[in-house]
Amino acid sequence: LQPTGLTPTVGKAGQLAVTTIMERAASAGRKEVWQRSVQPVAAPSFSTDVFQAAVEELVQQLRPTEASDRAVRRLAARIRQEIGPVLPEAEVFACAGADFGQGTAFGVAVPEVDVVIAINPVA
């Protein structure tokens, strides 16, 4: 199982690289095509005009929920399961940077989930 839009490849030195759909299209000389989002982005709104209170409300909106954290833990476990047979020494770390279930503008500007796969090159 591969995440949508990503293709793992092994380079000359045995390094694992990941290319996106956009990178593959660009290298094949195809034109980039833009289309409407199936989930339009909602601008943030606040219940106050007081700056400090709005900042605190924004921080609460950005904070990952327990559901987001659970989903990210499941994603990391699935990645470990998929790459484990090929790279048993790999360590997988995943972190939610926001509540990605809200569909806000934050997810467009900043990645909401970071996944790091660490492999000791000497191992």
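Visitor: Residues and numbers for helix α3 (residues 66-83), please.
Guide: Compared with the 26 Å implied by 1.5 Å per residue over 18 residues, the 26 Å span of α3 between its first and last C-alpha is a close match. When we look at burial in α3, the residues that qualify are Ser-68, Val-72, Ala-76, Ile-79 and Ile-83. Each buried residue of α3 lies within a common arc of 75° when the element is viewed along its axis, so the set occupies one face. Among the exposed residues of α3, those oriented more than 90 degrees off its buried face are Arg-74 and Gln-81. On its buried side, α3 packs onto β3 (91-96) and β4 (113-118).

Visitor: Please set out the nonpolar core residue by residue, giving values where relevant.
Guide: In this structure, Ala-76, Ile-79, Ile-83, Ala-90 and Val-92 together form the largest nonpolar core, which totals five residues. The element that contributes the greatest number of residues to this core is α3, accounting for three residues. Setting aside chain neighbours within four positions, we find Ile-83 in contact with Pro-88, Ala-90, Val-92 and Ile-117.

Visitor: Pulling in residues and values, what's your account of the pattern of salt bridges?
Guide: Counted by the stated rule, this structure contains three salt bridges. Residue Arg-73 is joined to Glu-66 by a salt bridge in which the shortest nitrogen-to-oxygen separation is 3.1 Å. Measuring nitrogen to oxygen at the nearest pair gives 3.0 Å for the salt bridge that ties Glu-82 to Arg-78. Here Glu-82 pairs with Arg-78, and both are found in helix α3, just four residues apart, close to one helical turn. With relative accessibility at 36%, the residue Arg-78 sits in the partly exposed group. What you see here is one network of salt bridges that share partners, running through Glu-66, Arg-70 and Arg-73.

About the cut-offs
- Residues numbered from 1 in each chain as written.
- Predicted model: local features only at pLDDT ≥ 70, side-chain atom pairs only at ≥ 80, totals over all residues.
- Heavy atoms only, no water.
- Helix = DSSP H or I, 4+ residues; strand = E, 2+ residues; numbered from the N terminus.
- Expected span 1.5 Å × (residues − 1).
- Buried < 20%, exposed > 50% of the residue type's maximum accessible area, 1.4 Å probe, protein only.
- Arc of directions from axis to C-beta.
- Contact = heavy atoms within 4.5 Å.
- Core = buried A, V, L, I, M, F, W, Y, C linked by side-chain atoms within 4.5 Å.
- Salt bridge = Lys/Arg side-chain N within 4 Å of Asp/Glu carboxyl O.

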